[in-house]
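Okay, here's what each chain looks like letter by letter:
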Protein chains: 2
Amino acid sequence: MTKQQLFSEIVRKNSYLCIGLDSDIKKIPKFLLDFEDPIYEFNKRIIDATSDFCVAYKPNIAFYEASGTKGWESLRKTLEYIPQNCFTIADAKRGDIGNTSHLYARAFFDKSASGMSFDSVTVAPYMGKDSVEPFLEFPEKWVILLALTSNEGSKNFQFLQLQHGCQLFEEVLKTSSTWADDERLMYVVGATQAESLTKVRQIVPNHFLLIPGVGAQGGSLEEVSKLGMNSSCGLLVNSSRGIIYASSEKDFAERAAFESEKIQLEMKNYLALYL
Amino acid sequence: MTKQQLFSEIVRKNSYLCIGLDSDIKKIPKFLLDFEDPIYEFNKRIIDATSDFCVAYKPNIAFYEASGTKGWESLRKTLEYIPQNCFTIADAKRGDIGNTSHLYARAFFDKSASGMSFDSVTVAPYMGKDSVEPFLEFPEKWVILLALTSNEGSKNFQFLQLQHGCQLFEEVLKTSSTWADDERLMYVVGATQAESLTKVRQIVPNHFLLIPGVGAQGGSLEEVSKLGMNSSCGLLVNSSRGIIYASSEKDFAERAAFESEKIQLEMKNYLALYL
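Keep in mind that this is a model prediction, so the values were computed, not measured.

1. Focus on the interface of chain B and chain A
Stage number 1. Tallying the contact residues gives 58 residues for chain B and 58 residues for chain A.
Stage number 2. Summing both sides of the interface, chain B and chain A together bury roughly 5,100 Å²; the carbon and sulfur share of this comes to 60%.
Stage number 3. Across the contact surface, chain B and chain A share 4 salt bridges.
Stage number 4. One salt bridge in this structure joins Lys93(B) and Asp96(A), with 2.7 Å as the shortest N-O distance.
Stage number 5. Counting every contact that joins chain B to chain A gives 28 residue pairs in polar contact (both at pLDDT 80 or more).
Stage number 6. At 7 residues, the largest contribution of residues to the side of chain B that touches chain A is made by helix H5 (residues 98-109) of chain B.
Stage number 7. Taken together, the residues of the side of chain B that touches chain A sort by class into 24 nonpolar, 21 polar and 13 charged.

2. Description of helix H5 (residues 98-109) of chain A
Residue and element names in this part refer to chain A.
Stage number 1. If you check H5, its first and last C-alpha atoms are 16 Å apart, about what 12 residues at 1.5 Å a residue would give, namely 16 Å.
Stage number 2. Counting buried positions over the 12 residues of H5 gives 9, a clear majority of the element.
Stage number 3. When we look at burial in H5, the residues that qualify are Thr100, Ser101, Leu103, Tyr104, Ala105, Arg106, Ala107, Phe108 and Phe109.

3. Re the nonpolar core
Stage number 1. Tyr16(A) and Tyr16(B) are the most contacted members of the largest nonpolar core, which has 203 residues in total.
Stage number 2. A total of 8 residues in this core trace back to one element, the largest contributor, which is helix H13 (residues 252-274) of chain B.
Stage number 3. Setting aside chain neighbours within four positions, we find Tyr16(B) in contact with Ile10(B), Val55(B), Leu221(B), Ser225(B), Met229(B), Cys233(B), Leu235(B), Leu236(B), Val237(B), Met267(B), Tyr270(B) and Leu271(B).

4. Regarding the sheet that holds strand S4 (residues 120-123) of chain B
By way of backbone hydrogen bonds, the strands of a sheet pair with one another, either parallel or antiparallel.
Residue and element names in this part refer to chain B.
Stage number 1. Spatial strand order, S1-S2-S3-S4-S5-S6-S7-S8: 8 strands in a closed barrel with parallel pairing. On average, each strand axis in the sheet is tilted by 30° relative to the strand beside it, whichever way the strands run.
Stage number 2. Here 3 bridges tie strand S1 (residues 17-21) to strand S8 (residues 235-239), and the two strands are oriented parallel to one another. Its bridge partner lying in S8, Cys18 is registered against Asn238.

5. Quick word on the sheet that holds strand S2 (residues 56-59) of chain A
Residue and element names in this part refer to chain A.
Stage number 1. In spatial order, the strands read S1-S2-S3-S4-S5-S6-S7-S8; together these 8 strands close into a barrel with parallel pairing. Ignoring strand direction, the axes of neighbouring strands in this sheet form an average angle of 30°.
Stage number 2. Alignment of strand S4 (residues 120-123) against strand S5 (residues 142-148), held across 4 bridges, turns out to be parallel. Bridging from a neighbouring strand, Val121 pairs with Val143 of S5.
Stage number 3. Its contacts with the sheet put H5 on strand S3 (87-94), S4 and S5, and the angle it makes with S3 is roughly 150°.

6. Brief notes about the relation of the copies chain B and chain A
Stage number 1. Superposing chain B onto chain A takes a rotation of 180° combined with a translation of 0.0 Å along the rotation axis, leaving an RMSD of 0.0 Å. Accordingly, the operation relating the two chain copies is best matched by a two-fold axis.
Stage number 2. Comparing interface residues between copies, 100% of those in chain B also sit at the interface in chain A, which points to an isologous, same-surface contact.

7. A few points about the layout of surface pockets
Stage number 1. The space that makes up the largest pocket amounts to roughly 400 Å³.
Stage number 2. Lining of the largest pocket is provided by 21 residues; of these, Ile25(B), Ile39(B), Ser67(B), Lys70(B) and Gly71(B) occupy positions nearest its centre.
Stage number 3. Counting residues per element, the ones that place at least two in the lining of the largest pocket are H5 and helix H6 (111-114) of chain A together with helix H2 (38-50), helix H3 (61-65) and helix H4 (68-81) of chain B.
Stage number 4. In terms of residue count, the dominant contributor to the lining of the largest pocket is H4(B) (5 residues).
Stage number 5. Of the residues contributing to the lining of the largest pocket, the split by class is 8 nonpolar, 5 polar and 8 charged.

8. Points about the packing of helix H2 (residues 38-50) of chain A against helix H4 (residues 68-81) of chain A
How two helices pack is summed up by the angle between their axes together with the distance between the axes.
Residue and element names in this part refer to chain A.
Stage number 1. With their axes 9 Å apart at the nearest point, H2 and H4 run at an angle of 20° to one another. Put simply, H2 runs roughly parallel to H4. Crossing angle aside, the handedness with which H2 passes H4 is right-handed. Of the residues in H4, those touching H2 at Ile39, Tyr40, Asn43, Lys44, Ile47 and Asp48 are Ser74, Lys77, Thr78 and Tyr81.
Stage number 2. Taken together, the residues of the contact of H2 with H4 break down into 4 nonpolar, 3 polar and 3 charged.

9. Topic: the state of the cysteines
Stage number 1. Applying the stated criterion across every chain, the model contains 0 disulfides over all chains.
Stage number 2. Just so you know, Cys18(A) is unpaired, no disulfide at all, and the nearest cysteine sulfur is the one on Cys54(A), 7.5 Å from it.
Stage number 3. Residue classification places Cys18(A) among the buried positions, given a relative accessible area of 0%.
Stage number 4. Here Cys166(A) stays free of any disulfide, with the sulfur of Cys166(B) as its closest cysteine sulfur at 16 Å.
Stage number 5. Since its relative accessible area comes to 5%, Cys166(A) is described here as buried.

What counts and what doesn't
- Residues numbered from 1 in each chain as written.
- Chains lettered and ligands numbered in written order.
- Predicted model: local features only at pLDDT ≥ 70, side-chain atom pairs only at ≥ 80, totals over all residues.
- Heavy atoms only, no water.
- Contact = heavy atoms within 4.5 Å.
- Buried area = accessible area lost by both parts, 1.4 Å probe.
- Salt bridge = Lys/Arg side-chain N within 4 Å of Asp/Glu carboxyl O.
- Polar contact = N/O pair within 3.5 Å; in protein donor to acceptor, adjacent residues only side chain to side chain.
- Helix = DSSP H or I, 4+ residues; strand = E, 2+ residues; numbered from the N terminus.
- Nonpolar A, V, L, I, M, F, W, Y, C, P; charged D, E, K, R; others polar.
- Expected span 1.5 Å × (residues − 1).
- Buried < 20%, exposed > 50% of the residue type's maximum accessible area, 1.4 Å probe, protein only.
- Core = buried A, V, L, I, M, F, W, Y, C linked by side-chain atoms within 4.5 Å.
- Pairing = 2+ DSSP bridges.
- Axes fitted to C-alpha atoms, helices over the stretch in contact; angles between N-to-C directions.
- Least-squares fit on C-alpha atoms with pLDDT ≥ 70 in both.
- 1 Å grid on protein atoms, 1.4 Å probe; cavity = no way out; pocket = protein on both sides within 12 Å on 5 of 7 lines; lining within 4 Å.
- Points joined across faces, edges and corners; volume = space filled by probe spheres on them.
- Parallel < 35°, antiparallel > 145°, perpendicular 65-115°, else oblique.
- Left-handed = near helix turned anticlockwise from the far one by under 90°.
- Disulfide = S-S within 2.5 Å.

See the structure below:
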């Protein structure tokens, strides 16, 4: 999916919501356990109920990987089920030396190899340029690079002050934005880091940002929309637990629809205000 | 496996060789393609041929993940096949917010969840303490944290000079070595960074280091052994391509045995000299 196509979907749906499919066998409604593939069944119903209100789905790969081959099969089927007009994100936080990153890219982008072809994958920056480039070799696929994450541990290294003046996350943005433009590269910036969004936008005014941390982690949708939105919207705001686990009963899909519509309506306002 | 058990194996085998199972369907001998699971068949024969000369095996997870569910099944069977007295490393370079890292830990450490239980997993440091801790909650399992990698891109961020005096990789070592001791935590330090090994050893004198980059990437075994060895050896030096692809013909396993014995004999010398 191109940047223009993504923006068109945002305008059409009045939404920049990304739904995180952090689907956990221990948390899904009990009645689904009678199905052959409970995780796939759960995801299917969540997708059916919410796809009018969001523009992207982000399966969190750890949740599938933890169940071994069975989990990867649920993931493959889920990706297959997501409507074509939704942007798909493999939240995998991969990254390794060049020949290895190339294989991770094949795992998420090359259907003929792995059975899966996501639109994008999240990548960790620590190993530098040649660990990121192999993901950029796949046409029309996106890298979403970690810049500033939403967790407490982000303080350990990401905010370190460098000798030449900026902080590590700013250096990651500056350096990596020379590797690819805003048609191929996005950044993860946690919603819990809203006060840093202004700094982020000074360095990468045009790139899309994937914003986790609204909801369960405490970030404010209004604040990130106000500080982060650009003329192509430039935001994909993720919510996972607040939507997919809104209920653990038979009505879980309806409740997921309700919660995502609530966010979508709020987003509609912010698009009118800040776009 | 405990640190003491690992050291005992090193002394018993006179080796600190780790063999990287970067097993690629495009590179293994053609005659293996007639088997039901060619990658597993390749790994089995490599393991049979080399397990007297090495103390650890390191499947590079990307190589399995790139083949989807089929690849994960080859990985599971390979791990099952590795002899109990060999240390096993899931070279996965994972790391995410706490609840997600916990699931990655289950993927590699919890056999009841994923069918696999490695001794250790490689983890990326960028997301900080709470992204690493969930891996440390599994008793007798190890985290191998990226400090200084062997690739060109390591220069982008790992060597950045911080305001308070040290470089980023030194800060990663200093900070993370307060999270766990040398009985649970190792570090990745590329063999191509030998000149920095002295600095590394000043900060973490007692920790084991996993050293990739000898062989195909050009690092010197003698240099890293001289600069990096401590009183428990403290080194696992990895070779992948130079061993497993020493031949692409029917004699590949014999040639792998020959190449690994050659390294083991060199290591025997260094253990006599520097231990």
